[in-house]
Amino acid sequence: MPTDSPAPADTPRTPPAPAAQVPAPFPERAALPDPGPAPTLRDTDSPATAAPGPGSGPDAPAPATPRGYRAVFAVAEFRAVFAAHLLSLLGVVVSELALTVLVYDLTGSPLLSALTFALGLLPYIVGGTLFAGVADRYPARRVLVVCDLLCAACVAVMLVPATPVAGLLALRCLVAAIAPVFTGTRMAALTDILGEGDLYVLGRSLLRIVSQSAMLIGFGAGGVLLTVLSPRGAITVTVVTFLCSAALLRFGTRDRPARATAGHGAGGTLLKESLSGARLVLGDRRIRALMLLFWLPAMFVVAPEALAAPYADAIGAPPAALGLLLCAMAVGHIGAELFVGSALSPRNRSRIVLPVAAAGLLPLLVYAVRPGLPLALAALALAGAGAAYVIGLDQWFVDAVPQELRGRAMTLLTAGLMTVQGLGMALAGLAAEFFPVHQVVAASGIIGTVCTLLLVAEVRRTDPRRMSYTEERDGADRHVTSR
């Protein structure tokens, strides 16, 4: 799993963390009104703005308002963002596969070939920490377009035959460092396009589903392309997808002003803004707890994916089983996310966040009995389904983060998510050098569940509603004592 609701678009959200009660160090902010469908359904083709047809009038029935995921696609700007995301993501997946093959062809080194994949994760924390200020300092559309163009330029240089292997790896690092800035900026921009309520949550859900699906489709498409094209020919596809993504974002979204304001880390150098934003975000107890709830389960759930090849060998499964083991978790995640997004109301999505997060890693305990392929696939699908708690968590996070810090917070969230997954894979591989693979996966489920339970308790303690109740009760107690 990487790292991204059938209720009507006008259903008021039920935020567990209202924006009006952001904990210190941020000043108290007035609660933002819940955006209904009228401000967000801007598309001229949507039912809300369509020209009246025959039979329209005061006595005619009102046209049906799009609900759930349909309401999100009714927003013209989101359709452009969605298409751009799909194109660039497919291009990235294809280029990763093609670049790995190219490096291996040039060097014959399995280590350098594997390092090409690893370099897609390691620079995230650098880019997400040092360049996060870009997301709030400049207008979102400009940041997104420039990021796409920079990535297209980097990939174009990879196509030059004279580019050495070291240059290919350096360019791979640069693209990976740009990625968290692009993703964090886009996440923050979605709140401008879709509002901060249910449409935003469903929009984020759709982008996550696309990310999971692209991993399944992209590697398959890359394999097919490599049968008819050279590795550099396949990489050319990525240049085209980045350029198309830039065009969609430039002409399909509105230009909005920068988000940062003085007093929240704005001003000074870009590095200073980025680091001060990280300090403000991580220094807030509520935001820190929510961010860790994104990160920790993801760190432990990657263990069976990282060890899929040795586990398939250990149980004597056929070669095709490896592909099934790698796909099972993504299939479970996609199915669960679609169900939660389509069948549950915002209130119920909020209710399941903590229980599902707490239990999400328990299916990995099945590995303790060294299951065969069918049982292992079922456990992986259930573990993938456990990631559906992030739909409700998205709403909590956007409610907790002040608007002027939102770009930096979401950039840091993306960078941390990719980094902890890479770290989790590395630790699982290291542990498998000393212990049987099935025991390592089961231990990941146990340790991850314990850590998540402790984190769930912290999230409960930082719930503004709970804190407000405690403060009111303590105030009443002090009043009675002083009498």
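These numbers were taken from a predicted model, which means no experiment stands behind them. (Residues numbered from 1 in each chain as written. Predicted model: local features only at pLDDT ≥ 70, side-chain atom pairs only at ≥ 80, totals over all residues. Heavy atoms only, no water.)

Caption draft 1: Layout of the confidence of the model for the protein chain. On average, the protein chain scores 76 in pLDDT, and the residues at 70 or more come to 75%. A low-confidence stretch, residues 1-63 stays under pLDDT 50, and its non-local contacts, those more than four residues away or across chains, total 146 contacts. Within the model, the stretch residues 476-483 combines pLDDT values under 50 with 0 contacts to residues more than four positions away or in other chains. (pLDDT = per-residue confidence, 0-100. Contact = heavy atoms within 4.5 Å.)

Caption draft 2: Geometry of unusual backbone geometry. Within the chain, Arg-370 stands out as a residue other than glycine whose phi angle is a positive 50°. Position of Arg-370 among the secondary structure elements: in the loop between α17 (353-359) and α18 (373-385). (Helix = DSSP H or I, 4+ residues; strand = E, 2+ residues; numbered from the N terminus.)

Caption draft 3: Region of the structure containing the environment of Tyr-389. In this structure, Tyr-389 sits in the loop between α18 and α19 (390-400). The class for Tyr-389 is buried, based on a relative accessible area of 4%. The sequence separation of Tyr-389 and Pro-355 amounts to 34 residues, and the corresponding C-alpha distance is 8.5 Å. Setting aside residues up to four positions removed in sequence, Tyr-389 forms contacts with Leu-293, Phe-294, Pro-297, Val-353, Val-356 and Ala-357. (Buried < 20%, exposed > 50% of the residue type's maximum accessible area, 1.4 Å probe, protein only.)

Caption draft 4: Structural context of the environment of Thr-107. Tracing the sequence through the fold places Thr-107 in helix α3 (residues 76-107). Take Thr-107: its relative accessible area is 32%, and that puts it in the partly exposed class. The spacing of Thr-107 and Val-165 is 58 residues in sequence and 8.0 Å in space, taken between C-alpha atoms. Setting aside residues up to four positions removed in sequence, Thr-107 forms contacts with Leu-112 and Val-165.

Caption draft 5: The arrangement of a nonpolar patch on the surface in detail. A cluster of nonpolar side chains, namely Leu-362, Leu-365, Ile-446, Ile-447, Val-450 and Leu-454, defines an oily patch on the protein surface of about 530 Å² accessible area. The topology assignment puts Leu-365 in the loop between α17 and α18. (Patch = residues over 30% accessible without salt bridge, like charges linked within 9 Å, V, L, I, M, F, W, Y side chains within 5 Å. Areas by Shrake-Rupley, 256 points an atom, 1.4 Å probe, with all protein chains shown as cover. Salt bridge = Lys/Arg side-chain N within 4 Å of Asp/Glu carboxyl O.)

Caption draft 6: The arrangement of the packing of aromatic side chains in detail. Counted by the stated rule, this structure contains 5 aromatic pairs. Geometrically, the ring pair formed by Phe-294 and Phe-397 is edge-to-face, given 5.8 Å between the ring centres and 85° between the ring planes. Of this pair, Phe-294 sits in helix α12 (residues 285-301) while Phe-397 sits in helix α19; the two residues are 103 residues apart in sequence, bridging distant segments of the chain. The class of Phe-397 is buried, set by a relative accessible area of 2%. (Phe/Tyr/Trp six-rings, centres within 6.5 Å; stacked < 30°, edge-to-face > 60°.)

Caption draft 7: The arrangement of the pattern of salt bridges in detail. Tallying each qualifying case throughout the model produces 8 salt bridges. Across the salt bridge formed by Glu-77 and Arg-256, the nearest N and O atoms sit 2.8 Å from each other. Here Arg-256 lies in the loop between α10 (231-252) and α11 (270-283) and Glu-77 lies in helix α3, a separation of 179 residues in the sequence. The residue Asp-394 makes a salt bridge to Arg-204 at a minimum N-O spacing of 3.6 Å. Here Asp-394, found in helix α19, pairs with Arg-204, found in helix α9 (residues 198-228); they are 190 residues apart in sequence, far enough to count as distant. Overall, Arg-204 belongs to the buried group, its relative accessible area being 3%. Taken together, the shared-partner salt bridges connect Arg-204, Arg-208, Glu-337 and Asp-394 into one network.

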